[in-house]
Amino acid sequence: MPITLEKIPGQEERVILSMGPQHPSTHGVLRLVLELDGETVVRAMYDIGYLHTGFEKSFEDKTYSQDITLTDRMDYLNPLGNNLGFCLAVEKLLDIEIPARAQWIRVLLTELTRIQSHLVWLGTHAIDLGAMSVMLYCFRERETILHIFEMVSGQRMMTSYFRIGGLALEPPLGWLKLVEEFVKAFPARLEEYEGLLTKNPIWLKRTVGIGTLTADEATGWGLSGPSLRGSGVDYDIRKKEPYSSYEKFDFKVATRPEGDVYARYLVRLEEIRQSLRIVQQAMDGIPEGPIKANAPHIVLPDRESMKTSIEALIYHFKIVTEGFHPPVGEVYQAVESPRGELGFYMVSDGSPKPFRCHVRAPSFANLQALPKMIEGRLIADVVACIGSIDIILGEVDR
Amino acid sequence: MPSELESNLTLKKLREFAPQAVDEAREFRGEITIYIRPDMLIRACEFLRDEPDLSFRFLSDVTAVDLYPSEPRFEVVYHLLSLKNAKRLRLKVRTGGDNPGVDSLVPVYPCANAFEREVFDLFGIQFAGHPYLRRILMPEDWEGYPLRKDYPTEGYR
């Protein structure tokens, strides 16, 4: 039997509306069950699992290096961020050091990913609330970022570019020129979007004071990322528990005290600006040096050395056919994804495959606060609230 | 036992609060894992959440590990975060293979709701006191618990 809301005994019968799973404003295959009193939502509940493909089971069946390709497909708007979280978790398990150049490029690409993810969010959020043109602009900008990804990794979305111990390969010549052009052109474009929305009376009517969550509620419901910071909680993993040398970059954490849809909108816009600053700093200061850690039993040797050195050939053979053996233990690595705290909990039993790999998906946790936001409000506000927590159903269901 | 573990403030406070609650403590790569006795879980979490010096007010994750075929078979894993101190803590509760179950943390952390449903769905671990313990990712009529180690990756055919 599908999930539904049971009638409360002694209460008059109300209309139950099933919204989704195929609905343009649920950002994927999310089904909501709404109990309505006229136009007002009295009770709400969500039904998920339509995209469940058992990633966590598949992780256990592949070697650590093979698992990277799975991480792209969970949060498909944040492929490089997922790669980063997974690689950092395995690197923590292995206790290896990543060269500065690789860390810098990782930060640069992850922040570009954040910008393009926020752009998709902005476009779809705006179109949900009736602002059609914003989406077209956002996707235009996103295209330039995806072009950079394609140049670097050969793929627009399923990049799998970060590897355990560093990067897959040295980025091609001239890629920084594309990044530079983007960084130069983008601030003006961002102004344009802001001009369309931030002071737009219709936008304000649809977002201000809607879906309000206090700081305590947001913490209690496990919200993280921009949704938590929109409720006035100043917690950004990049700042508080820096990873991949984020501590060397100068950026501000955006927070707003109001806790409504509009506050979350402002926080994300500010995050785009801060990410742009990080990209600029990373671009200016990429150090020279290797892009892979000095750990021959973990990192694949480069082509050239395999042709001349027997050790490199043996290592290559061992890594590809068998994998590497991390020590027995368990780690939890959290990174700041565009949606919030993305955590990888990895348990190793010493074999080349993870014994258990659990993903703490920020969308999965953020979705829990949705009924709380929409109960007692109009149906029209439901889409505004869904958009404001920026869920990706691929990650919710994993 | 390493000295870093002994000097850990959380562990010290928790031991002061309820010496019988802590079964065991481990440290790996700078991360602290505390094994809690099942009947003390809720009280320990309330203490960790409300003690001003610790204030682990954010439950970031609940999951489980299947240690099949050894017994006790399951470990339920909780990741707590203190937003104030930017510190993380891992709690574990052991539960046996027949009728696995632990107390639900929903009264302490509302967000445990969906996390525990996921663990129930994929591991078949019961959470006593959970308000709505139903499958969340798998279809309602699914047989078996996919993340258990004795469940084949391709599924039953």
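Data block above holds the structure.
Residues numbered from 1 in each chain as written. Chains lettered and ligands numbered in written order. Predicted model: local features only at pLDDT ≥ 70, side-chain atom pairs only at ≥ 80, totals over all residues.

A. Broad picture of the overall build of chain A. Helix and strand content of chain A: 17 helices and eight strands. Taking 2.2 N^0.38 as the reference for a compact globule, 398 residues should give roughly 21 Å; the C-alpha atoms of chain A span a radius of gyration of 22 Å, in line with that estimate. C-alpha atoms of chain A, sized along the principal axes, occupy 80 × 50 × 35 Å. Evaluated residue by residue, chain A yields a buried proportion of 52% over its 398 residues. Across chain A, contacts joining residues at least 24 apart in sequence account for 69% of those joining residues at least 6 apart. (Helix = DSSP H or I, 4+ residues; strand = E, 2+ residues; numbered from the N terminus. Rg over C-alpha atoms; globule rule 2.2 N^0.38 Å. Buried ≥ 20, exposed ≤ 12 C-beta atoms within 10 Å, placed from the backbone. Contact = placed C-beta atoms within 7 Å.)

B. Summary view of the overall build of chain B. Along its length, chain B carries four helices and seven strands. Expected size for 157 residues packed as a compact globule is a radius of gyration near 15 Å; at 16 Å, chain B falls within 12% of this value. The principal-axis extents of the C-alpha atoms in chain B amount to approximately 50 × 30 × 25 Å.

C. Here's a closer look at the packing of helix α4 (residues 100-128) of chain A against helix α11 (residues 261-284) of chain A. Residues and elements named next belong to chain A. Put simply, α4 and α11 touch, their axes get as near as 9 Å, and they point 155° apart. When the axis of α4 is compared with that of α11, the two are roughly antiparallel. α4 and α11 meet at a crossing whose hand is left-handed. Across the interface between the two elements, Trp104, Val107, Leu108, Glu111, Leu112, Arg114, Ile115, His118 and Trp121 of α4 pack against Arg268, Glu271, Ile272, Ser275, Leu276, Ile278, Val279, Ala282 and Met283 of α11. A per-class count over the contact of α4 with α11 returns twelve nonpolar, two polar and four charged. (Axes fitted to C-alpha atoms, helices over the stretch in contact; angles between N-to-C directions. Parallel < 35°, antiparallel > 145°, perpendicular 65-115°, else oblique. Left-handed = near helix turned anticlockwise from the far one by under 90°. Nonpolar A, V, L, I, M, F, W, Y, C, P; charged D, E, K, R; others polar.)

D. Quick look at unusual backbone geometry. Cis geometry is found at the peptide bond from tyrosine 68 of chain B to proline 69 of chain B, where omega equals 5°. Its location among the elements puts proline 69 of chain B in the loop between β3 (58-66) and β4 (74-82). The peptide bond linking glutamate 71 of chain B to proline 72 of chain B adopts the cis configuration, its omega dihedral lying at -10°. Tracing the backbone shows proline 72 of chain B in the loop between β3 and β4. With phi around 45°, serine 244 of chain A is a residue other than glycine that occupies positive phi space. One can find serine 244 of chain A in the loop between α10 (237-240) and α11. Judged by C-beta crowding, with 22 C-beta atoms within 10 Å, serine 244 of chain A ranks as buried. Despite not being glycine, arginine 29 of chain B has its phi angle at roughly 55°, a positive value.

E. Examining the interface of chain B and chain A more closely. With 28 residues of chain B at the interface, the matching set in chain A holds 33 residues. Of all the elements in the fold, those that place two or more residues in the side of chain B that touches chain A are β3, β4, β5 (87-95) and α4 (112-123) of chain B. If you tally residues by element for the side of chain B that touches chain A, the top one is β3 of chain B, at six residues. Looking at side-chain class alone, the side of chain B that touches chain A contains 16 nonpolar, five polar and seven charged residues.

F. Main features of helix α16 (residues 379-389) of chain A. All names here are of chain A. Most of α16 is tucked away, with nine of its eleven residues classed as buried. Regarding α16, the residues found buried are Asp381, Val382, Val383, Ala384, Cys385, Ile386, Gly387, Ser388 and Ile389. Note on α16: the residue one or two positions beyond its end, aspartate 390, has a positive phi of about 50°.

G. Representation of the sheet that holds strand β1 (residues 15-19) of chain A within the structure. Residues and elements named next belong to chain A. Taken together, the three strands give an open sheet; going across it, the order is β1-β2-β3, and neighbouring strands pair in antiparallel fashion. Each edge of the open sheet is held by one strand with a lone partner, namely β1 and β3 (40-47). Sheet twist, expressed as the mean angle between neighbouring strand axes with direction ignored, is 20°. Of the pairings in the sheet, the one linking β1 to strand β2 (residues 31-37) comprises five bridges and is antiparallel in character. Directly across from leucine 17, in β2, lies its bridge partner leucine 34. (Pairing = 2+ DSSP bridges.)

H. Spotlight on the pairing of β2 of chain A. Residue and element names in this part refer to chain A. Looking at chain direction, β2 and β3 are connected through seven bridges and run antiparallel. Pairing of leucine 34 across the sheet is with alanine 44, part of β3. Between β2 and β3, which pair antiparallel in sequence order, lie two residues; one of them, glycine 38, sits at a positive phi of approximately 70°.

I. Just the pairing of strand β6 (residues 329-337) of chain A, in detail. All names here are of chain A. The buried count for β6 comes to eight of nine residues, which makes it a mostly enclosed element. Of the pairings in the sheet, the one linking β6 to strand β7 (residues 340-348) comprises nine bridges and is antiparallel in character. Residue pairing for β7: valine 335 is matched across the bridge by leucine 342. The turn joining β6 and β7, which pair antiparallel and follow one another in sequence, is formed by two residues.

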